[in-house]
Amino acid sequence: LYDIGFRSIFLITLISVFTGMVFALQFIVGLERFGLQLYAGQVVGVAIARELGPVLTALMVAARVGSGIAAELGSMSVSEQILAIRAMGGSPINKLVVPRVLVTTIATPILTVYAIFIGITGGMFVTMLEAGVTARFYIDQIRQTVEVYDFFSGVAKTVFFGFFIGCIACYQGLITTHGTQGVGSSTTRTVVYSSIVVFVADF
């Protein structure tokens, strides 16, 4: 959980804050034509809570964590460590797969909650600078617009995202063959397949 969750915080922070800032900036430009730039916070809050926060967090988990799991298990597979576990009467599924899938399932929603708050905060700074609103006004807009359902619907689906990423990464790692070249291929497939599954599952 430390490796997968805590060590991903810096990357999630970076992605979330700039996503919130860019998204707020673009909506302020669009709403300014109608004189509604003051209310950009409403759109930013709903978009980040329901879609951008969960999906971008899952993609970052797939890129950083999924690839790492696939590479680790792939290296164990090509060096016959998986066979050694079986030879000693152990279960590779119980020892290697279950803990990793469980942690990705737990860590992804936690990281998503963090990403949502950071993204909304990044949007707040841009909205304050570009639209001339106060932090209190921005937060009031968020509270009026982002309902509990919006927040939990965004977070809840990341449980499935994390589960899918963990399963794909472990599977690709376990079926790795052909030495180090196979490890690289498994890592690439993990990121590609996980990203596709995240978007399909999100829809």
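Everything numeric in this text was worked out from a predicted model, so none of it was measured. (Residues numbered from 1 in each chain as written. Predicted model: local features only at pLDDT ≥ 70, side-chain atom pairs only at ≥ 80, totals over all residues. Heavy atoms only, no water.)

Novice: I would appreciate a short explanation of the environment of Gly45 in the present structure.
Specialist: Note on placement: Gly45 falls in helix 2 (residues 40-78). For Gly45, a relative accessible area of 0% translates into the label buried. In this structure, the C-alpha to C-alpha distance between Gly45 and Phe164, residues 119 residues apart in sequence, is 26 Å. Those residues in contact with Gly45, other than ones at most four positions away along the chain, are Ile120, Ile142 and Val146. (Helix = DSSP H or I, 4+ residues; strand = E, 2+ residues; numbered from the N terminus. Buried < 20%, exposed > 50% of the residue type's maximum accessible area, 1.4 Å probe, protein only. Contact = heavy atoms within 4.5 Å.)

Novice: How do you make sense of the packing of helix 2 against helix 7 (residues 179-202) when you look at a structure like this?
Specialist: For any two helices packed against each other, one specifies the crossing angle of their axes together with the interaxial distance. Packing of helix 2 against helix 7 leaves a shortest axis separation of 8 Å and a crossing angle of 155°. In this view, helix 2 runs roughly antiparallel relative to helix 7, as classed from their interaxial angle. For the element pair helix 2 and helix 7, the recorded crossing hand is right-handed. In terms of residue class, the contact of helix 2 with helix 7 is built from twelve nonpolar, ten polar and two charged. (Axes fitted to C-alpha atoms, helices over the stretch in contact; angles between N-to-C directions. Parallel < 35°, antiparallel > 145°, perpendicular 65-115°, else oblique. Left-handed = near helix turned anticlockwise from the far one by under 90°. Nonpolar A, V, L, I, M, F, W, Y, C, P; charged D, E, K, R; others polar.)

Novice: For this particular structure, what's the right way to read the pattern of salt bridges?
Specialist: Two side chains of opposite charge can pair, provided their charged atoms sit close to one another. Counting across every chain of the model gives six salt bridges. Between Glu51 and Lys157 there is a salt bridge whose closest N-O contact spans 3.0 Å. Here the residue Glu51 occupies a position in helix 2, and Lys157 occupies one in helix 6 (residues 148-174), the gap between them amounting to 106 residues. The partly exposed category is assigned to Glu51, whose relative accessible area is 34%. The class of Lys157 is buried, set by a relative accessible area of 17%. A salt bridge links Arg100 to Glu72; the nearest nitrogen and oxygen atoms lie 3.1 Å apart. Remark: Glu72 occurs in helix 2 and Arg100 occurs in helix 4 (residues 92-131); sequence separation between them is 28 residues. Arg100 gets classed as buried once you look at its relative accessible area, which sits at 16%. (Salt bridge = Lys/Arg side-chain N within 4 Å of Asp/Glu carboxyl O.)

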